[in-house]
Amino acid sequence: MKLILPIKLPVIGLLLLNSIFSLPVLANTSPSVVTTINGVSSAATINFGQSVTLTSTATDPDGNLYLADIWWDQGNGSMWTNTSMAWGSYAANAVGWSNFVGNHGNLPAQVGTNSMSATFTAQSGGKAYVFLGTGSDAAGAW
């Protein structure tokens, strides 16, 4: 009768086998963001006193979406701001905003998709507002 004993490979041999069978590393993909005004993803004219619904959906194919927000200039080319800023000269002008729904700013967990919406009511005429939905993933891709 032959006695067969298990063979112990040195640690280096195990590392070599592990590296041979490792999975390829895929490049990080930046999130895509779609922002709509009243359900349409194009420019819109908002009259004084008119309310519109802005919706922004950020989708990250890697599932590591980390940050999402709606940015806007505050009319007539003033500083850009977003719903998360509440300090200094960049503080968001909350006038005209209501009914904010969804996660914004730093998300509570890394996710694949995040949607948010808000109602904006134009408070004065003659201003050109620009709205932009943004998303960033945990690896820093915008």
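The structure displayed is predicted, hence computed values, not measured ones.

Chemist: Go over the sheet that holds strand S2 (residues 51-59), please, and point to the residues and values.
Modeler: Strand pairing in a sheet is mediated by backbone hydrogen bonds. Such pairs are either parallel or antiparallel. Spatial ordering of the open sheet is given by S1-S2-S7-S5, a layout of four strands whose pairing is antiparallel. Every other strand in the sheet has two partners, leaving strand S1 (32-37) and strand S5 (97-101) as the edge strands with one partner each. Neighbour-to-neighbour, the strand axes of this sheet turn through a mean angle of 15°, independent of strand direction.

Chemist: Quick rundown of a nonpolar patch on the surface? Include the residues and the values.
Modeler: Together, Trp-80, Val-130 and Leu-132 make up a nonpolar patch on the protein surface, roughly 250 Å² of accessible area in all. Among the secondary structure elements, Leu-132 is positioned in strand S8 (residues 131-137). A residue is classified by how much of its surface remains accessible, and Leu-132, at 43% relative accessible area, is partly exposed.

Chemist: Residues and numbers for the layout of surface pockets, please.
Modeler: Reported here for the largest pocket is a volume of approximately 300 Å³. Lining the largest pocket are 20 residues, with Ile-37, Ala-44, Ile-46, Tyr-129 and Phe-131 positioned closest to its centre. Among the elements that make up the lining of the largest pocket, the one with the highest residue count is S1 (three residues).

Rules used in this analysis
Residues numbered from 1 in each chain as written. Predicted model: local features only at pLDDT ≥ 70, side-chain atom pairs only at ≥ 80, totals over all residues. Heavy atoms only, no water. Pairing = 2+ DSSP bridges. Helix = DSSP H or I, 4+ residues; strand = E, 2+ residues; numbered from the N terminus. Axes fitted to C-alpha atoms, helices over the stretch in contact; angles between N-to-C directions. Patch = residues over 30% accessible without salt bridge, like charges linked within 9 Å, V, L, I, M, F, W, Y side chains within 5 Å. Areas by Shrake-Rupley, 256 points an atom, 1.4 Å probe, with all protein chains shown as cover. Salt bridge = Lys/Arg side-chain N within 4 Å of Asp/Glu carboxyl O. Buried < 20%, exposed > 50% of the residue type's maximum accessible area, 1.4 Å probe, protein only. 1 Å grid on protein atoms, 1.4 Å probe; cavity = no way out; pocket = protein on both sides within 12 Å on 5 of 7 lines; lining within 4 Å. Points joined across faces, edges and corners; volume = space filled by probe spheres on them.

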